[in-house]
Amino acid sequence: MSQDDQPTAEQVEALQRFASTHGRTWKSKLLDAWLSGRDERMPDGGLLRQVRNQLGPCWLHKAVLPTPAVEHA
């Protein structure tokens, strides 16, 4: 598997923020945003669009995001 088959660390963080905001149906909501063009106006829209262009909907369907790191105060 090449690096082109995986999102960058910055893209993963954007996906994690999107998933955290949109809950368990985040994948369908992101796909809908991609298909309608709404991702352009969303927070992290540029990064989410990069994921769409680089990896596509097939990748999204099978994607498993790593658990976000917990920051300690």
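Attention here is on the structure that accompanies the text. (Residues numbered from 1 in each chain as written. Predicted model: local features only at pLDDT ≥ 70, side-chain atom pairs only at ≥ 80, totals over all residues. Heavy atoms only, no water.)

Considerations on the overall build of the chain
Moving on, step 1. When its secondary structure is counted, the chain shows four helices and zero strands.
Moving on, step 2. Secondary structure elements in the chain, listed N-terminal to C-terminal, are α-α-α-α.
Moving on, step 3. Looking at the chain as a whole, 32% of its 73 residues qualify as buried.
Moving on, step 4. Looking at the chain alone, contacts between residues at least 24 apart form 65% of all its contacts between residues at least 6 apart.
Moving on, step 5. Summed over its atoms, the accessible surface of the chain is roughly 5200 Å², and 53% of this surface lies on carbon and sulfur atoms. (Helix = DSSP H or I, 4+ residues; strand = E, 2+ residues; numbered from the N terminus. Buried < 20%, exposed > 50% of the residue type's maximum accessible area, 1.4 Å probe, protein only. Contact = heavy atoms within 4.5 Å. Areas by Shrake-Rupley, 256 points an atom, 1.4 Å probe, with all protein chains shown as cover.)

Considering the layout of surface pockets
Regions of empty space are outlined by a rolling probe, equal in size to a water molecule, passed over the atoms.
Moving on, step 1. Of the volumes computed, that of the largest pocket is approximately 170 Å³.
Moving on, step 2. Lining the largest pocket are 12 residues; nearest its centre among them are Asp5, Gln6, Trp59, Lys62 and Ala63.
Moving on, step 3. Taken together, the residues of the lining of the largest pocket sort by class into nine nonpolar, one polar and two charged. (1 Å grid on protein atoms, 1.4 Å probe; cavity = no way out; pocket = protein on both sides within 12 Å on 5 of 7 lines; lining within 4 Å. Points joined across faces, edges and corners; volume = space filled by probe spheres on them. Nonpolar A, V, L, I, M, F, W, Y, C, P; charged D, E, K, R; others polar.)

A closer look at helix H2 (residues 26-36)
Moving on, step 1. Residues of H2 that are buried include every one of Trp26, Leu30, Ala33 and Trp34, and no others. For H2, the angular spread of buried residues about the axis comes to 100°, placing them on one side.
Moving on, step 2. Looking one or two residues beyond H2, the residue adopting positive phi is glycine 37, at roughly 85°. (Arc of directions from axis to C-beta.)

Quick look at the environment of asparagine 53
Moving on, step 1. Note that asparagine 53 resides in helix H3 (residues 45-54).
Moving on, step 2. Taking relative accessible area as the criterion, asparagine 53 reaches 54% and is therefore assigned exposed.
Moving on, step 3. A distance of 2.8 Å separates polar atoms of two side chains, one belonging to asparagine 53 and the other to arginine 52. (Polar contact = N/O pair within 3.5 Å; in protein donor to acceptor, adjacent residues only side chain to side chain.)

Details of the pattern of salt bridges
Moving on, step 1. For the coordinates displayed, the defined rule picks out three salt bridges.
Moving on, step 2. For aspartate 44, the salt bridge identified is with arginine 17, shortest N-O distance 2.8 Å. Note that aspartate 44 is positioned in the loop between H2 and H3 and arginine 17 in helix H1 (residues 9-22), a separation of 27 residues in sequence.
Moving on, step 3. Arginine 17 sits in the partly exposed class, given a relative accessible area of 40%.
Moving on, step 4. Taking the shortest distance from any N to any O, the salt bridge between arginine 38 and aspartate 32 comes out at 3.1 Å. (Salt bridge = Lys/Arg side-chain N within 4 Å of Asp/Glu carboxyl O.)

Comments concerning H3
Owing to its 3.6 residues per turn, the α-helix aligns residues three or four sequence positions apart on the same side.
Moving on, step 1. Residues Gly45, Leu47, Leu48 and Val51 constitute the buried set of H3.
Moving on, step 2. Buried residues belonging to H3 abut H1, H2 and helix H4 (56-62).
Moving on, step 3. Note on H3: the residue one or two positions beyond its end, glycine 56, has a positive phi of about 80°.

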